[in-house]
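Observations on the model geometry
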Amino acid sequence: MRDEEEIREQYEFLVEELDSEDMNHEGVRQMFTYYRRALGWVLEEEHM
């Protein structure tokens, strides 16, 4: 089970990456992959 701190760290990582000037089409696609994974963790936690 993921704890709140781990989810918060993932969120902060996403915010920093999206603010980066290096974000291009591939970078945005990769960030959405991470975002979907984080959402999956949250949903998994709610259904346990």
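Look above for the structure.
Let me sum up the structure you'll find in this document. The structure presented is a predicted model; accordingly, all values stated were derived computationally and were not measured.

Here we come to the side chain of Q10. In this structure, Q10 sits in helix α1 (residues 4-19). Here Q10 falls in the buried class, since its relative accessible area comes to 16%. When neighbours within four sequence positions are excluded, Q10 is seen to be in contact with Y34, A38 and W41.

There is a patch of like negative charges on the surface, built from D3, E5, E9, E12, E16 and D19. Topologically, D19 is positioned in helix α1.

Cut-offs used in this document
- Residues numbered from 1 in each chain as written.
- Predicted model: local features only at pLDDT ≥ 70, side-chain atom pairs only at ≥ 80, totals over all residues.
- Heavy atoms only, no water.
- Helix = DSSP H or I, 4+ residues; strand = E, 2+ residues; numbered from the N terminus.
- Buried < 20%, exposed > 50% of the residue type's maximum accessible area, 1.4 Å probe, protein only.
- Contact = heavy atoms within 4.5 Å.
- Patch = residues over 30% accessible without salt bridge, like charges linked within 9 Å, V, L, I, M, F, W, Y side chains within 5 Å.
- Areas by Shrake-Rupley, 256 points an atom, 1.4 Å probe, with all protein chains shown as cover.
- Salt bridge = Lys/Arg side-chain N within 4 Å of Asp/Glu carboxyl O.
- Lys, Arg positive; Asp, Glu negative; His and termini not counted.
- Charge placed at Lys NZ, Arg CZ, Asp CG, Glu CD.

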